[in-house]
Amino acid sequence: MKINLYLQAASLCFYAIVLMQYLSSRRLPTRSNHIFGALIIVAGINLIFDVLTVYSLAYFDRLPIWLVRFGHQIFIGSMDVLIALLCLYVITIIRGGRALSPGKTLLVFTPLILSMFAVFFGKLYYKFEDGGFYSYGPMASTIYISIALYLLLSIYYLLRYRRAVAAHTRAIILIAIVCESTIALIQLFNPTMLISGLGITMMIVLLYSSLANPEKYTEAETGTINRIGLVTVLRDHLSIGKPFFVLTLCVDSWRDLESAFGQDFALRVMGKIATKLECLTSDRIYHPRGDCLCLICSNDESGTRKLAESILHALEGDLEIGGVGVSVSPRILVTDCPKHFSKAEDFLRSVGLFADGVVKAPEAITIYNDEYAKAVSRRISVEAILKHAVKNDGLTLVYQPIYSTSKRRFTSAEALVRIRDTQTVGFIPPDEFIAIAEQNGLIGELGRIVMEKSCRFVSSEAFKSMGLDYLEVNLSTLQCLNANLSEEFIELMESFGVSPKSLNFEITESAAMEKSEIMLKNLARLGEAGSSFSMDDYGTGYSNLSMMADMPYSIIKIDKSLIWPYFNDSSRLKVLLPSTVHMINSLGFEIVAEGVETQEQLDVLTEMGVEHIQGYFFSKPLPEEDFVKFVSDFSFSA
Ligand code: C2E
Ligand code: CA
Ligand code: CA
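Criteria and cut-off values
Residues numbered from 1 in each chain as written. Chains lettered and ligands numbered in written order. Predicted model: local features only at pLDDT ≥ 70, side-chain atom pairs only at ≥ 80, totals over all residues. Heavy atoms only, no water. Phe/Tyr/Trp six-rings, centres within 6.5 Å; stacked < 30°, edge-to-face > 60°. Helix = DSSP H or I, 4+ residues; strand = E, 2+ residues; numbered from the N terminus. Domains from an automatic or database assignment. Salt bridge = Lys/Arg side-chain N within 4 Å of Asp/Glu carboxyl O. Buried < 20%, exposed > 50% of the residue type's maximum accessible area, 1.4 Å probe, protein only. Near = heavy atom within 4 Å. Polar contact = N/O pair within 3.5 Å; in protein donor to acceptor, adjacent residues only side chain to side chain. Areas by Shrake-Rupley, 256 points an atom, 1.4 Å probe, with all protein chains shown as cover. Nonpolar A, V, L, I, M, F, W, Y, C, P; charged D, E, K, R; others polar. Axes fitted to C-alpha atoms, helices over the stretch in contact; angles between N-to-C directions. Parallel < 35°, antiparallel > 145°, perpendicular 65-115°, else oblique. Left-handed = near helix turned anticlockwise from the far one by under 90°. Contact = heavy atoms within 4.5 Å. Donors = N, O, S within 2.8 Å, 3.2 Å for Na, K, Ca; no water. Patch = residues over 30% accessible without salt bridge, like charges linked within 9 Å, V, L, I, M, F, W, Y side chains within 5 Å. Disulfide = S-S within 2.5 Å. Pairing = 2+ DSSP bridges. Arc of directions from axis to C-beta. Expected span 1.5 Å × (residues − 1).

Draft legend 1. Quick look at the packing of aromatic side chains. Evaluation of the coordinates by the stated rule reveals 34 aromatic pairs. Consider the rings of Phe 60 and Phe 128, whose centres lie 5.2 Å apart with planes at 55 degrees: the pair is tilted. Of the two residues, Phe 60 is situated in the loop between α2 (31-58) and α3 (65-94) and Phe 128 in strand β1 (residues 125-129); the sequence distance between them amounts to 68 residues. Between Tyr 403 and Phe 618, the aromatic rings sit 4.5 Å apart at their centres with planes inclined by 25 degrees, giving stacked as the arrangement.

Given below as structure tokens:
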């Protein structure tokens, strides 16, 4: 009898190509990919037995009947398993990797289990006609019912949860189902055609090329898996609920590298780090954002910590990239999932916060524990409260009087900003939200609000009635980098009819900060207009005398950290204060001593030659009305 195996041969060739690609690529370790792997294996068995059954019928007379039946059982049984797996694959993709409940899983497998009875015990007849041969009977018919049920179930899921998958994924699945259904129908009405293998191969090629192909998640430059790949795997792992650890490595100098040498170079740095990591672990490496790499670890916490330590060790020296030596000094965050994250998006947000350094993590390895989680959640809440306050007039100023020891009255005051909302997370210290405003760019707007409120107060009758010489307003050095700052401030003062002489700006210079042209121009312009400047926080390590040279300061504010030790007998820092006061005075600057809390401190500092005193001894910072009343009552009683 003539055997025609062209279709089977073509199917096997296509199948072999997909199989080779599949085996040579590194798949994402997700549930849907595991199912696809099983699908490929079963499809291979089915295609091979497709050919073998054709031969068994061609040599029907020479073979024992049980062998022919056995071959058909495997062929038909594997087809059944294959279509059930296809359905499960489709459901898993549609559910974004989430597993079905055990009850639903059993329901999905019921047609398979029932039809397996037919495969084991059902009758099968073999028919030989002029046009060819084929098998039929209850065993074969059951498979058609099973295939129909699984294809209908897949279509049901696709329609029911259509919003859960992207349009193109939906289209691919639908095309695969239509292909398989059409070929099954052709086969049903033309039993001698034997084209079932073609349907299976078409389906697999289609699904592999568009859904299961790992290439679309692979980043060519670094050989790592991109952000979408990470999200896919995280969602998959989180849906299973089994604990796992994620190790996030972050390179702080990445942005500098990118701006100095370009993005390609910065990516090569990450690629090089990824190669080093590959020597230490077999876990896949993910690249969720420029400066971060992630590993999903199969270890426990101590294993992950050890891995983190060996990574830091391996990255200690310079990395050699295109003849350039790059030192990366990375930081590592170890997160315990799903303990701290039940959603991939929340995890990625925490990676962002870690990489941006918004939550202080002083160690090279940070374990995401409850304490760190609390800090992250506080940071997120404070940032939200701050944004809301800046946009909705939620900021207010309090004022702390500054006393002149020579004039024996209050001659000025410092304006200090507060967030009105003290309910949501309680009182938020300004140090905390100012630092956040500096990180997220809100400092400019916040500073403008503070300036406007200060001008409004200074222009008020109440302020004038107190007879203060000026109001001190804090300026962040970041604000001073805005080229329009001086013009904006001068316009504001004009619009309120405030003389620039009535305002003194306090600036803390950060030692790490280079004085920019823009900053110096801003200060020069405000100085020309008549405003004066104070160096804030002298003695905290940030400001020192060498920094005064090209800044137009007239006042130096000595921080409490230099004042208090003088009144503590055991402190060795005692000696610093008298000499500092003497030196600043002889350089011709005025002094404000901050943090004065007792009569003794006031007396000693006055004696030492300090001109201005600020501190709780006189008053804590007060709301406007209380402040006006306090200063007026004080002058009255004096
Ligand atoms: P700073 O400029 O050094 O302000 C002085 C801080 O010391 C204020 O804290 C004040 O309440 C506190 N203080 C004053 N006297 C005493 C005292 O006798 N004992 C003690 N223990 N503390 C005293 P506050 O208001 O919490 O402000 C903290 C920091 O927040 C300020 O430090 C300043 O750096 C920043 N800040 C406050 N308002 C603004 C603002 O409007 N703009 C900017 N850029 N920063 C601001
Ligand atoms: Ca200040
Ligand atoms: Ca200060």
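That was the structure; now back to the text.
Draft legend 2. Fine view of the domain arrangement of the chain. Its domain assignment divides the chain into domain 1 (6-215), domain 2 (218-368) and domain 3 (394-633). Each of domain 2 and domain 3 has a C-alpha centre, and the two are 42 Å apart.

Draft legend 3. Quick peek at the pattern of salt bridges. Under the criterion given, the structure shown has 23 salt bridges. Between Asp 393 and Lys 453 there is a salt bridge, with its nearest N and O atoms 3.1 Å apart. Note that Asp 393 is positioned in the loop between α13 (370-391) and β11 (395-404) and Lys 453 in helix α15 (residues 443-458), a separation of 60 residues in sequence. Looking at Asp 393, the relative accessible area reads 48%, which means it is partly exposed. In this structure, Glu 461 engages Lys 464 in a salt bridge whose closest nitrogen and oxygen atoms are separated by 4.0 Å. Taken as a pair, Glu 461 and Lys 464 lie in helix α16 (residues 461-466) at a separation of three residues, close to a single helical turn. Classification of Glu 461 as exposed rests on a relative accessible area of 61%. Exposure remark for Lys 464: the relative accessible area of 51% places this residue in the exposed category. Members of the salt-bridge network, linked through shared partners, are Glu 414, Glu 472, Glu 506, Lys 557 and Glu 594.

Draft legend 4. Spatial organisation of the site of ligand 1. Neighbouring ligand 1 are 23 residues, the closest being Gln 400, Arg 418, Asp 431, Glu 597 and Tyr 616. Lys 560 places a polar side-chain atom, nitrogen or oxygen, 3.3 Å from an oxygen atom of ligand 1. Tyr 616 is positioned such that a nitrogen or oxygen atom in its backbone is 2.8 Å from an oxygen atom of ligand 1. Within the complex, 87% of the 800 Å² of free accessible area of ligand 1 lies under protein. Every element with two or more residues in the shell around ligand 1 is listed here: β12 (409-419), α14 (430-440) and β15 (532-538). At four residues, the largest contribution of residues to the shell around ligand 1 is made by β12. Broken down by class, the residue content of the shell around ligand 1 amounts to nine nonpolar, five polar and nine charged.

Draft legend 5. Highlighting the packing of helix α4 (residues 102-121) against helix α5 (residues 138-160). Running from amino to carboxyl end, α4 crosses α5 at an angle of 165 degrees, the nearest separation of the two axes being 8 Å. Judged by the angle between their axes, α4 and α5 are roughly antiparallel. α5 is crossed by α4, and the crossing has left-handed handedness. Each of Lys 104, Val 108, Phe 109, Thr 110, Pro 111, Leu 112, Ser 115, Ala 118 and Val 119 in α4 lies in contact with α5, whose residues at this interface are Pro 138, Met 139, Thr 142, Ile 143, Ser 146, Leu 149, Tyr 150, Leu 153 and Tyr 157. The residue makeup of the contact of α4 with α5, split by class, is 13 nonpolar, four polar and one charged.

Draft legend 6. View of the coordination of the calcium ion (ligand 2). Looking at the calcium ion (ligand 2), one finds its protein donor set to be Glu 414 (OE), Asn 474 (OD1), Glu 506 (OE) and Asp 536 (OD), positioned 2.1 to 2.3 Å from the metal centre. In primary sequence terms, the donor set of the calcium ion (ligand 2) follows E-x59-N-x31-E-x29-D. Between the calcium ion (ligand 2) and the calcium ion (ligand 3), a spacing of 3.9 Å is present, and a bridge between the two is formed by Asp 536. One end of the pair, Glu 414, is in strand β12; the other, Glu 506, is in strand β14 (residues 503-507), and 92 residues separate them in sequence.

Draft legend 7. Just a nonpolar patch on the surface, in detail. Residues Tyr 55, Tyr 59, Leu 63, Ile 65, Trp 66, Leu 67 and Phe 70 make up a contiguous nonpolar surface patch of about 680 Å² in total accessible area. Following the sequence through the fold, Tyr 59 ends up in the loop between α2 and α3. By relative accessible area, which is 35% here, Tyr 59 ends up partly exposed.

Draft legend 8. View of the coordination of the calcium ion (ligand 3). The protein atoms donating to the calcium ion (ligand 3) are Asp 536 (OD), Asp 537 (OD), Glu 594 (OE) and Glu 594 (OE), with metal-donor distances spanning 2.3 to 2.8 Å. In the primary structure, the donors to the calcium ion (ligand 3) are separated according to the pattern D-D-x56-E. Residue classification places Glu 594 among the buried residues on the basis of a relative accessible area of 12%.

Draft legend 9. Focus on the state of the cysteines. The final tally for this structure, using the stated rule, is zero disulfides. With no disulfide of its own, Cys 297 has Cys 294 as its nearest cysteine by sulfur position, at a separation of 9.7 Å. Left without a disulfide partner, Cys 455 is nearest to the cysteine sulfur of Cys 480, which lies 15 Å away. Taking relative accessible area as the criterion, Cys 455 reaches 0% and is therefore assigned buried.

Draft legend 10. Layout of the sheet that holds strand β10 (residues 365-367). Taken in spatial order, the six strands make up an open sheet running β3-β5-β6-β4-β9-β10, and their pairing is mixed. Pairing within the sheet leaves two strands with one partner each, and these edge strands are β3 (225-226) and β10. Alignment of strand β9 (residues 331-337) against β10, held across three bridges, turns out to be parallel. For Leu 333, the partnering residue across the bridge sits in β10 and is Thr 366.

Draft legend 11. Spatial organisation of α14. Every buried residue belonging to α14 is among Pro 430, Phe 433, Ile 436 and Ala 437, and all of these are buried. For α14, the angular spread of the buried residues around the axis is 130 degrees, confining them to a single face. Tucked inside the fold, the buried residues of α14 contact α13, β12 and α15.

Draft legend 12. Looking closely at helix α11 (residues 301-314). Between its first and last C-alpha atoms α11 spans 20 Å; for 14 residues at 1.5 Å apiece the expected length is 20 Å, and the two agree. Within the sequence span of α11, burial applies to Gly 303, Thr 304, Leu 307, Ala 308, Ile 311 and Leu 312. As for α11, its buried residues are in contact with β4 (244-250), α10 (263-280), β6 (292-297), β9 and β10.

Draft legend 13. Main features of the side chain of Thr 224. Turning to its location among the elements, Thr 224 is positioned in the loop between α7 (196-212) and β3. Within the structure, the side chain of Thr 224 is placed 2.5 Å from the side chain of Thr 222, a separation counted as a polar contact. For Thr 224, the contacting residues outside a window of four places in its chain are Tyr 217, Thr 218, Glu 219, Ala 274, Ile 285, Tyr 286, His 287 and Leu 293.

Draft legend 14. Region of the structure containing the environment of Thr 92. Its location among the elements puts Thr 92 in helix α3. The class for Thr 92 is buried, based on a relative accessible area of 5%. Taking the C-alpha atoms as reference points, Thr 92 and Arg 379, 287 residues apart in sequence, are found 36 Å from one another. The residues touching Thr 92, leaving out its near neighbours within four places in the chain, are Arg 31, Ser 32, Ile 35 and Gly 97.

Draft legend 15. Just the pairing of β14, in detail. Buried residues dominate β14, accounting for five of its five residues. Along β14, one buried face is formed by Leu 503, Phe 505 and Ile 507 and the opposite face, lined by Asn 504 and Glu 506, is buried too. Bridge count for strand β13 (residues 470-475) against β14 is five bridges, and the pairing is parallel. Counterpart to Leu 471 in the pairing with β14 is Leu 503.

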